[in-house]
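# Notes for the structure review
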Protein chains: 2
Amino acid sequence: MKKYGEMTLKELRQEEEALMISYEACQAKELSLNMARGRPSSVQLDFSNGLLETVTKRSGYHSESGLDCRNYGGAYGIPEAQKTLAAIMDCNPEHVIVYGNSSLNLMFDLISHAFTHGINGNTPWAKLDEVKFLCPVPGYDRHFAVTEYFGIKMINIPMDENGPDMDMVEQYVNNDPSVKGMWCVPKFENPEGICYSDEVIRRMARLNRAADDFRIFYDNAYAVHYLYEDDQPRILNLIDECVKAGHPDIYFEFCSTSKITYAGGGISGMTASENNLSEVRNLINVSTIGYDKVNMLRNARFLKEGEAIPEVMMKHAEILRPKFEMVLDMLNEEITPREIGKWTSPKGGYFISFHAINGCAREIVRLAKEAGVVLTPAGAPFPYGKDPDDSVIRIAPSLPPLSELKDAMEIFIICVRLASVRKLMETASSKSQKATD
Amino acid sequence: MKKYGEMTLKELRQEEEALMISYEACQAKELSLNMARGRPSSVQLDFSNGLLETVTKRSGYHSESGLDCRNYGGAYGIPEAQKTLAAIMDCNPEHVIVYGNSSLNLMFDLISHAFTHGINGNTPWAKLDEVKFLCPVPGYDRHFAVTEYFGIKMINIPMDENGPDMDMVEQYVNNDPSVKGMWCVPKFENPEGICYSDEVIRRMARLNRAADDFRIFYDNAYAVHYLYEDDQPRILNLIDECVKAGHPDIYFEFCSTSKITYAGGGISGMTASENNLSEVRNLINVSTIGYDKVNMLRNARFLKEGEAIPEVMMKHAEILRPKFEMVLDMLNEEITPREIGKWTSPKGGYFISFHAINGCAREIVRLAKEAGVVLTPAGAPFPYGKDPDDSVIRIAPSLPPLSELKDAMEIFIICVRLASVRKLMETASSKSQKATD
C-alpha cells in the first residue's frame, strides 16, 4: 500500500475512481448504521436487568437510614446511594449529594444557579459583562452546549496525551477574573480517551484563580469504565490535591451510574467541599421535592453500594473491548499505511477519536451519511461546533453489534480514503496550477 | 358548651386552668406525631407495589414507540407516559412533555429559564428591575419558596370558596407589565381544598395581560385526588377556555403521579401551547440527557395509560376519607360550639385549612409542638411565611394512622382552645384596662 501523500496526481485519480466503485457499492446496500452517540448496546443493558428486582415487597422499600424511599423526604440522597457514588469518585460518602438520573442536568443547574444567584456569595454571573469557560478540545459536545446556551464565551484549550495545556490554563485562570469555569473529563476523556497525568491534576488543584468563583467542572463520567481487567489506569485524586493545595472549593466533581446500570436511567451525583455542598443543598431545598429515592435504592443495592462495580464493569468490557479492538485493527490496517489519519487507543471510556487530514472531517461525515452510516457531526467535539482544522471525528463503537460495526467501519474507511484522496488531489492541482502560473 | 366569646374573664380563667391540666397530661405522654406535610401513608404506598413489576424482562423494556427505555434518547417522554399525564390533565397527549419525578422541579426550571433567557423572546427577567407574581392565599409554601428564591415580589390575592379574587387579579395582570406570573392550584387547592369556579377559570383565560410573558402557573397537583366516589367536583378545562379566549400561550399546566403512585417517585409533566412547549423542548435539549424513561414506562403501565387512575384513586380515598372525616368530626364537635375557628371541608386533595381566631396560629403551632405534635409552621401558606392575620394552620391528615391522627387531633384541639382562651383573656383584660383608665 502506498502512502497517499506520495501518490502522483494520476495515481490519486485512479485511486478515487476505484474508491467510487466501492463507495457506490456501499450505497447500494442501503444500510442504516449508527456510530454517533455513546450509547451502550442492549446486551450491556441486559447486565442490569437484576436492577429491577432489588427493590420489591420482599427486599423492602426502606433505606438503611429508615426512610421509606417511596415517600417524600431525604432530599440529598440516601446513605447507600451516597456510598455507591463515593466508590466511583473515591471520596467520603458523607460528601456526596445524590441527584436525579442525569449528571449533565446537575451541571446545567449549577451553572444556571451561578447565573441567577452567584456562587458562594459572589456576583451572579448574569450581572457580569462577560463569563468565560476553558474548554479542553476535543471535548464533550453537551458540555459545550450548556455553556453556549448561557452565552458563556468558550476558549479552546489544546490537549495532548497528558490532558489540557496547563500553561495556557494557568495563564487564563490566574489572570482573568472573567474565567469562571473549566470543563474536564479527567479519565478516558470524551472523545480522546486519554487520562489526565498526575502533573496536570496537581497543577489544576494549585491554580491561583483570579476569580474566587472559578470552578473546575470535573465530570468523572468514565471513572470506572475500563476495557482491560489487567490494565486499569488510575488518575490522581483531585479532591486530595485541592485540599493539599489549600483550594478545597475550587472543584465540583460529578459522576453517574449511566453506562454502569441503565443509560439515563441510573443515578447521578456530585462531591465537593462542604462550602460548595451546602450551597447545592440550599438549591435543592427550593428547586425540587427531592430526587427519586426508589431508583437510588435500586442502583445502590444492585451495585452493592459500590462493591459490585468492578465485576459489572468487566462484563461491559467484554462486550466493548472486541468492538474497540476491531475498530483499531481496521484503522491500523487500512489507514496507517496510507498515512491519512491518526487516532487514539483508549484503555477505557466510550470513544475513539479519529484525526483526519485537515479539512476532511466534514466531508467524511457527509460521505458516510450518504452511504448509510451516521457519525457524530464533525465539529461537535469543539465549542460552537467549530473544529479549526476540520479534522476530528468521534467514533462511538458501543451501540451497534460487532457485525454491524464492521460494516460501518468499512464504509467509514472508504469515506476517509475518498475524502483524503480528493483533498490531496485538490492540493496537488492547486500546486501544479501555481507552478504553471 | 359555651361560646368562648361569651365567657366572662373569670370563666376564661377557669377554662384555662382546666385546659392546662389536660395539656400537661398530653405532654406527659411524650408523643411524637406529625401532621405537617402532605405525605401519603405507607398503606397507600403499598397500593403501588405492583408498579415495580410492570417493567421486567418478561414484560419488556421498550416503549410502544420502539425505544429501549433503558438507554438514552426520547428526551421529551415516551408516548404511554404522555397519555397517562394527558388523562390527568384532560388534554391532548401529543401536547404533553414528560419530566422527571418532581413537577415542582419543572416549575422551578421554567422560572429559572425565564430569568436567564426570557420566555418566548421576551426580556430575561434577570434584566428587569422588578418581577411580580400573584399568590392566591393561603397557598402552597413550596411555590412561594421558589418565587422568593428568585427575588420575585409576591402579592397576596385573597381567595373565597370560588377561588382567587378575580377583580384584583385582573387589576394587576391587565395593568402592570411587571406581573409575570400567578400561582394556582385550581382543584382541591393546597391548603384550602377548594375548586376554582367556572367563572374564575373563564376570567383567568380571558386576562388581557399587560405583559406578553405573563403566565398562569397552573399546578393541577390534585386533579384526580377525590375523597368520594359519588361526589367528584369537576372544574372547567382551562386549556379550552384559553384557546377560546385567543390566549393559547397564557398558561403552563403541571401535574404528576406523586400521590397516585409513589410520592416523589412518580413522573411529572406539563401541557401548554405549541409555542410554549417548543421553548421547553429547547431547554430540555440542553439541560439534561433526558428523564428516566424506565420510570415513565413503569408508571404508564401500572396506571394503564391513565385508565386505571380512577380505580387507584378510590383505593387512596378509602384510606384518606376516614382520616378527613375524623378530623372534621372532631373539629365540629369541639370547636364549632365554642366558636373559636373555621375550616374547610374538602372533597379531595390532601389538606384541611384551619382558620383560628386572629393572632392565635403561631401560638397553637408552638403549643402543639411542645406537646409532641408537629404541624406545618404557621404562616407557611403565605408568601414570606407571613400570615397577616396569624390565623391559618394547614392540617395534613394523610400520613399518621387513624389512631395516631386521633391523638394528634385531640392535642391540636386542646392547643386551639388554650390559645383562644388566652387571646380572649388578653383582649378582655386590655378592654377592662381601658375601661378603668
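What counts and what doesn't
Residues numbered from 1 in each chain as written. Chains lettered and ligands numbered in written order. Predicted model: local features only at pLDDT ≥ 70, side-chain atom pairs only at ≥ 80, totals over all residues. Heavy atoms only, no water. Helix = DSSP H or I, 4+ residues; strand = E, 2+ residues; numbered from the N terminus. Rg over C-alpha atoms; globule rule 2.2 N^0.38 Å. Buried < 20%, exposed > 50% of the residue type's maximum accessible area, 1.4 Å probe, protein only. Contact = heavy atoms within 4.5 Å. Areas by Shrake-Rupley, 256 points an atom, 1.4 Å probe, with all protein chains shown as cover. Lys, Arg positive; Asp, Glu negative; His and termini not counted. Charge placed at Lys NZ, Arg CZ, Asp CG, Glu CD. Pairing = 2+ DSSP bridges. Least-squares fit on C-alpha atoms with pLDDT ≥ 70 in both. Disulfide = S-S within 2.5 Å. Buried area = accessible area lost by both parts, 1.4 Å probe. Salt bridge = Lys/Arg side-chain N within 4 Å of Asp/Glu carboxyl O. Nonpolar A, V, L, I, M, F, W, Y, C, P; charged D, E, K, R; others polar. Axes fitted to C-alpha atoms, helices over the stretch in contact; angles between N-to-C directions. Core = buried A, V, L, I, M, F, W, Y, C linked by side-chain atoms within 4.5 Å.

### Comments concerning the overall build of chain A
Each helix and strand in chain A was counted, giving 13 helices and 13 strands. Here chain A has a C-alpha radius of gyration of 24 Å; the compact-globule value for 437 residues is 22 Å, and the two agree. Taken over the C-alpha atoms alone, chain A extends approximately 80 × 55 × 35 Å along its principal axes. Looking at the 437 residues of chain A, the share that counts as buried comes to 61%. Summarising the internal contacts of chain A: among those between residues at least 6 apart in sequence, 75% fall at separations of at least 24. Looking at chain A as shown, the accessible area adds up to about 16600 Å², and 48% of this sits on carbon and sulfur atoms. Of note, chain A has its 47 positive side-chain charges centred 2 Å away from the centre of its 61 negative side-chain charges.

### What about the pairing of strand β4 (residues 153–160) of chain B?
On a regular strand, each side chain points to the face opposite its neighbour's, so the side chains alternate between the two faces of the sheet. All names here are of chain B. Taken together, the six bridges between strand β3 (residues 132–137) and β4 define a ladder with parallel strand orientation. Residue pairing for β4: Lys132 is matched across the bridge by Lys153. Taken together, β4 and the strand that follows it, strand β5 (residues 163–164), pair antiparallel across an intervening segment of two residues.

### Quick word on the relation of the copies chain A and chain B
Superposition record for chain A on chain B: RMSD 0.0 Å, screw rotation 180°, translation along axis 0.0 Å. In symmetry terms, the pair is related by a two-fold rotation axis. A share of 100% of interface residues in chain A that are also interface residues in chain B marks the association as one of identical surfaces.

### Side note on the state of the cysteines
Residue and element names in this part refer to chain B. Going through the model one piece at a time under the given rule, you end up with zero disulfides over all chains. No disulfide involves Cys26; its nearest neighbouring cysteine sulfur is the one of Cys415, lying 7.2 Å away. Taking relative accessible area as the criterion, Cys26 reaches 8% and is therefore assigned buried. The structure places no disulfide on Cys255, whose sulfur is separated from the nearest cysteine sulfur, that of Cys91, by 7.6 Å. Here Cys255 falls in the buried class, since its relative accessible area comes to 1%.

### Side note on unusual backbone geometry
Note that the residue after Val137 of chain B, namely Pro138 of chain B, is joined by a cis bond; omega there is -5°. Positionally, Pro138 of chain B belongs in the loop between β3 and α5 (141–149). A cis amide bond links Asn190 of chain B with the next residue in sequence, Pro191 of chain B, at an omega value of 10°. Secondary-structure assignment places Pro191 of chain B in the loop between β6 (179–184) and α7 (198–205). In this structure, Asn120 of chain A is a non-glycine residue whose phi angle is positive, near 50°. With respect to the helices and strands, Asn120 of chain A occurs in the loop between α4 (103–117) and β3 (132–137). Of note in this structure, Glu30 of chain B is not a glycine but carries a positive phi near 50°. Along the polypeptide, Glu30 of chain B turns up in the loop between α1 (9–28) and β1 (33–35).

### Describing the interface of chain A and chain B
Each side of the interface is counted separately: chain A has 53 residues, and chain B has 54 residues. Of the roughly 4500 Å² buried between chain A and chain B on both sides combined, carbon and sulfur atoms contribute 53%. Linking chain A with chain B are two salt bridges. Secondary-structure elements contributing two or more residues to the side of chain A that touches chain B are α2 (42–46), α4, α5 (141–149), α9 (274–287) and α10 (293–302) of chain A. Looking at the side of chain A that touches chain B residue by residue, the classes come out as 23 nonpolar, 20 polar and 10 charged.

### Here we look at the sheet that holds strand β9 (residues 268–271) of chain A
All names here are of chain A. Spatially, the eight strands line up as an open sheet ordered β2-β9-β8-β7-β6-β3-β4-β5, and their pairing is mixed. Unpaired on one side and paired on the other, β2 (96–98) and β5 (163–164) mark the two borders of the sheet. On top of the sheet, α5 reaches β3, β4 (153–160), β6 (179–184) and β7 (215–219); it is set at about 160° to β6, its chief contact. Here helix α6 (residues 166–175) sits on the sheet in contact with β3, β4, β5 and β6, set at roughly 155° to β4.

### A look at the side chain of Ser258 of chain A
Note that Ser258 of chain A resides in the loop between β8 (251–256) and β9. Residue classification places Ser258 of chain A among the buried residues on the basis of a relative accessible area of 6%. With near-sequence residues (within four places) excluded, Ser258 of chain A lies in contact with Asn101, His225, Ala263 and Gly264 of chain A together with Tyr72 of chain B.

### Focus: the sheet that holds strand β10 (residues 341–343) of chain A
Residue and element names in this part refer to chain A. Judged by pairing direction, the sheet is antiparallel, and its three strands sit side by side in the order β10-β11-β13 without closing on themselves. Looking at the sheet topology across the chains shown, the edges are occupied by β10 and β13 (392–395). Strand-to-strand twist in this sheet, taken as the mean axis angle between neighbours without regard to direction, amounts to 25°. In this structure, strand β11 (residues 352–356) lies alongside β13, joined through four bridges in antiparallel fashion. Its bridge partner lying in β13, Phe354 is registered against Ile393.

### Describing the nonpolar core
Counting 311 residues, the largest nonpolar core has Phe412 of chain A together with Phe412 of chain B as its most contacted members. Once residues within four sequence positions are removed from consideration, Phe412 of chain B is found in contact with Met35, Leu331, Phe354, Ile364, Leu375, Ile393 and Ile395 of chain B.

### Let's talk about the environment of Ser278 of chain A
Looking at the secondary structure, you find Ser278 of chain A in helix α9. Sequence spacing of Ser278 of chain A and Asn120 of chain A is 158 residues, and the spatial spacing of their C-alpha atoms is 9.4 Å.

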